[in-house]
Amino acid sequence: MTGLHTLLQKELLRFLKVGFQTVAAPVVTALLYLLIFSHAFTAHMQVYGHVPYTAFLIPGLMMMSVLQNAFANTSSSLIQSKITGNLVFVLLSPLKPWELFVAYVGASVLRGLIVGAGVLLVTAWFVPLSFVYPLWILVFAVLGASMLGALGLIAGIWAEKFDQMAAFQNFIITPATFLSGVFYSVHTLPGFWKVASHLNPFFYLIDGFRYGFFGAGDVSPWISLIAALLGNLLCGGIAMMMLMRGTKLRN
Amino acid sequence: MTSTAAVSFDHVEKRYGQHSAVDGVVLDIAEGEFFGLLGPNGAGKTTLISMLAGLTRPTSGRVLVQGHDVQLDAAAARRLLGVVPQELVFDPFFTVRQVLRIQSGYFGFRRNEAWIDELLHNLGLTVQADKNMRALSGGMKRRVMVAQALVHRPQVIVLDEPTAGVDVELRQSLWEFIARLNAEGHTVLLTTHYLEEAEALCKRIAVIKSGKVVALDRTEALLQRFAASVLYFRLVKGKLPDGLGVEQGGRVALPVRGAEDVEHQLAALRQAGCEIDELELRRADLEDVFLELIGAFR
């Protein structure tokens, strides 16, 4: 276990050493979204009949930050150490594929949760927030972070240049998180977009997470849980397969 | 192949499409040996080392470290191996000591301070211990890579061109340290371009060319087996007959196998209309053997 523990600790140190960039910056970004959108919409809408828009927005922003940062952690660590070449020190070690997986994804989950907690800390005083089912909140935060951590692992192993990684981030992760109901309830969308949102796996992560706060959501939390578990199985499975086969790591 | 060999390449082949980077290498390195792997650029040395390190998969054949297959029993094999990669790489996030602690941790050593201190001392890194890797010169970074390969006291130490572009001082102290580890029973496998290093250190040498082992013998035997001496001269007039000798920095080197051969070669030169000057006869060193083997001579 010492090997796994060491890699996990190293991955944590890696992002904590640049905490302004990896923790403070996404928290500030989320705060800016909150200030702008709540100013624009609070007077005009309530969600689920009783939830003020600002309160609705906060869990969405939290989860968006959790997902994006969990993805960023594994993907940037992998691509950086691949391009600088120092990944070789991990590859020369006796760490097994599952240990690499747990350490990399574990660090991603922790970064996601720290950033998520940071967003909560700076936004919570804007509006009274309820925490109806805290366990759902935690379950979806962890499952969302681990799914995106695994996805970041896949992207980090697959990408050979920073450019490819930026494409993955900008054309897949960012649109998928933005269009998953962070800023609105998908019930309010016209037909096509509503269907499209239901096909977006990130929608279930955010909806289930939000259910934990308000006890209400666009779909049942159980459906969201199944979607989150399937997403984890798929992303985790692919990432593990890549690590076991040494895809793009051991030629 | 014997199960007691420290390293065993068993009919190892690596193909990239039509090209064979390593072509059926069979090679055993005994425990405690100081072994040299020589060859020109692109001969397949680094591919062979990469397969030993588990960074590259053989197309066929297998590589064993003290009987452990590097593919099937990877964790056990890697515990026995300490590899210094050829390329200069480092983690810019950490200090020298942090890097060595992390590397120790990967191998399951939680408290390794005494050995880390010894490594730092022997590699002249004590003053640099708390400096960030980014702040180190190239030579210092290379020393850290050597220390990283040794944190877990591996039985087999693999050095892939460890002194390329490194200052004389490090070369000296590095070899003293590695020789000491070898004397303590560690097996050392070295690839190098500095032939005088291989000649001074390695007890046995394999020369590879185009992915194949073209010579494998004790260093002294290699020196004896090939050209006993080399004739050096400056060409004043005429053109060297094809395949006779090789030009090296304005002078010509011509391998000879004894007094009779000297006469024979000089006659051949005369016949070709060559006039020569500054004639010198020198005992062959590994460089001459090497040049002869890879086909620069004849």
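Residues numbered from 1 in each chain as written. Chains lettered and ligands numbered in written order. Predicted model: local features only at pLDDT ≥ 70, side-chain atom pairs only at ≥ 80, totals over all residues.

**Focus: the overall build of chain A**
Then step 1. When helices and strands are counted, chain A shows ten helices and two strands.
Then step 2. Along its sequence from the N terminus, chain A presents helices and strands in the succession α-α-β-β-α-α-α-α-α-α-α-α.
Then step 3. For 251 residues, the compact-globule estimate of 2.2 N^0.38 gives 18 Å, and chain A sits close to it at 18 Å.
Then step 4. The dimensions of chain A, computed from C-alpha atoms along their principal axes, are 60 × 35 × 35 Å.
Then step 5. Expressed as a percentage of its 251 residues, the buried residues of chain A come to 48%.
Then step 6. Sequence-distant contacts in chain A: of pairs separated by 6 or more residues, those separated by 24 or more amount to 82%. (Helix = DSSP H or I, 4+ residues; strand = E, 2+ residues; numbered from the N terminus. Rg over C-alpha atoms; globule rule 2.2 N^0.38 Å. Buried ≥ 20, exposed ≤ 12 C-beta atoms within 10 Å, placed from the backbone. Contact = placed C-beta atoms within 7 Å.)

**A short note on the interface of chain B and chain A**
Frequently, the measure chosen for interface size is the accessible area removed from exposure when the parts meet.
Then step 1. Listed per partner, the contact involves 23 residues of chain B and 21 residues of chain A.
Then step 2. Elements supplying a minimum of two residues to the side of chain B that touches chain A: helix H2 (74-80) and helix H3 (96-106) of chain B.
Then step 3. Of all the elements, H3(B) adds the most residues to the side of chain B that touches chain A, at four residues.
Then step 4. Its residues placed into classes, the side of chain B that touches chain A shows eleven nonpolar, six polar and six charged. (Nonpolar A, V, L, I, M, F, W, Y, C, P; charged D, E, K, R; others polar.)

**A word on the sheet that holds strand E1 (residues 7-16) of chain B**
All names here are of chain B.
Then step 1. Strand order in the open sheet formed by four strands is E2-E1-E4-E5, and the pairing between neighbours is antiparallel. Because the sheet does not close on itself, it has two edges, and the strands there are strand E2 (19-29) and strand E5 (68-69).
Then step 2. Bridge count for E1 against strand E4 (residues 60-65) is five bridges, and the pairing is antiparallel. The residue of E4 that forms the bridge with Phe9 is Val63.
Then step 3. In this fold helix H1 (residues 45-53) packs onto E1, E2 and E4, with an angle of close to 115° to the strand it touches most, E1. (Pairing = 2+ DSSP bridges. Axes fitted to C-alpha atoms, helices over the stretch in contact; angles between N-to-C directions.)

**Observations regarding the domain arrangement of chain B**
All names here are of chain B.
Then step 1. In terms of domain boundaries, chain B breaks down into domain 1 (7-223) and domain 2 (227-293).
Then step 2. In this structure, domain 1 and domain 2 have C-alpha centres spaced 36 Å apart.
Then step 3. At the junction of the two partners, domain 1 supplies ten residues and domain 2 supplies seven residues.
Then step 4. In terms of residues, the side of domain 1 that touches domain 2 owes the most to one element, helix H7 (residues 195-201), which gives three residues.
Then step 5. The class makeup of the residues in the side of domain 1 that touches domain 2 is eight nonpolar, no polar and two charged. (Domains from an automatic or database assignment.)

**Structural notes on the nonpolar core**
Then step 1. Counting residues in hydrophobic clusters, the biggest one holds 153 residues, and the most contacted among them are A:Leu205, B:Ala147 and B:Val158.
Then step 2. At 16 residues, helix H3 (residues 53-84) of chain A tops the list of elements feeding residues into this core. (Core = buried A, V, L, I, M, F, W, Y, C linked by C-beta atoms within 7 Å.)

**Structural notes on the pairing of strand E13 (residues 251-256) of chain B**
Residues and elements named next belong to chain B.
Then step 1. Pairing analysis gives five bridges linking strand E11 (residues 229-237) to E13, with the strands arranged antiparallel. Note that in E13 the partner of Val230 across the bridge is Pro255.
Then step 2. Note: strand E12 (residues 246-248) against E13, three bridges, orientation antiparallel. Among the inter-strand pairings, Glu247 is bridged to a residue of E13, identified as Val252.
Then step 3. Connecting the antiparallel pair E12 and E13 is a turn made up of two residues, with Gly249 showing a positive phi of about 55°.

**Thoughts on the packing of helix H5 (residues 97-123) of chain A against helix H10 (residues 221-245) of chain A**
Residues and elements named next belong to chain A.
Then step 1. For the pair H5 and H10, interaxial distance at closest approach is 9 Å and the crossing angle is 135°. Classified by the angle their axes make, H5 and H10 are oblique. Crossing of H5 against H10: the hand is right-handed. On H10, the residues touching Pro97, Trp98, Leu100 and Phe101 of H5 are Ala239, Met240, Leu243 and Met244.
Then step 2. Residues belonging to the contact of H5 with H10 are distributed by class as follows: eight nonpolar, no polar and no charged. (Parallel < 35°, antiparallel > 145°, perpendicular 65-115°, else oblique. Left-handed = near helix turned anticlockwise from the far one by under 90°.)

**Some points on the environment of B:Glu184**
Then step 1. Tracing the sequence through the fold places B:Glu184 in the loop between helix H6 (168-183) and strand E8 (187-191).
Then step 2. Put simply, B:Glu184 and B:Gly32 are 152 residues apart on the chain and 8.3 Å apart in space, counted from C-alpha to C-alpha.

**Focus: the pairing of strand E3 (residues 34-38) of chain B**
Residues and elements named next belong to chain B.
Then step 1. Extensive coverage of E3 is indicated by the burial of five of its five residues.
Then step 2. Here E3 shows a buried face lined by Phe34, Gly36 and Leu38 and a second buried face lined by Phe35 and Leu37.
Then step 3. Two strands pair when backbone bridges link them, and E3 and E8 are joined in this way by four bridges, in the parallel orientation. The residue bridging Leu37 from the neighbouring strand is Thr191, located in E8.

**Observations regarding the sheet that holds strand E9 (residues 204-209) of chain B**
Residue and element names in this part refer to chain B.
Then step 1. Taken in spatial order, the six strands line up as E6-E7-E8-E3-E9-E10 in an open sheet, and their pairing is mixed. The open sheet has two edge strands with one neighbour each: strand E6 (81-84) and strand E10 (212-218). Along the sheet, successive strands turn relative to each other by an average axial angle of 15°, direction set aside.
Then step 2. Seen against the sheet, H1 touches E3, E6, strand E7 (156-160), E8 and E9 and runs at an angle of roughly 145° to E7.
Then step 3. Taken strand by strand, helix H10 (residues 286-293) contacts E3, E9 and E10, and its axis lies near 30° from that of E9.

**Digging into the confidence of the model for chain B**
Residue and element names in this part refer to chain B.
Then step 1. Per-residue confidence for chain B gives a mean pLDDT of 88; residues scoring 70 or more make up 96%.
Then step 2. The least confident element of chain B, judged by mean pLDDT, is H10 at 72; the most confident is H3 at 97.
Then step 3. Scored by ipTM, the complex comes to 0.89, with pTM at 0.88. (pLDDT = per-residue confidence, 0-100.)

**Digging into the environment of A:Thr177**
All names here are of chain A.
Then step 1. Note that Thr177 resides in helix H7 (residues 162-178).
Then step 2. With 25 C-beta atoms packed within 10 Å, Thr177 lands in the buried category.
Then step 3. The spatial distance from the C-alpha of Thr177 to the C-alpha of Val88 is 33 Å, given a sequence separation of 89 residues.
Then step 4. If sequence neighbours within four positions are ignored, Thr177 has contacts with Met64, Leu67, Gln68, Val182 and Phe202.

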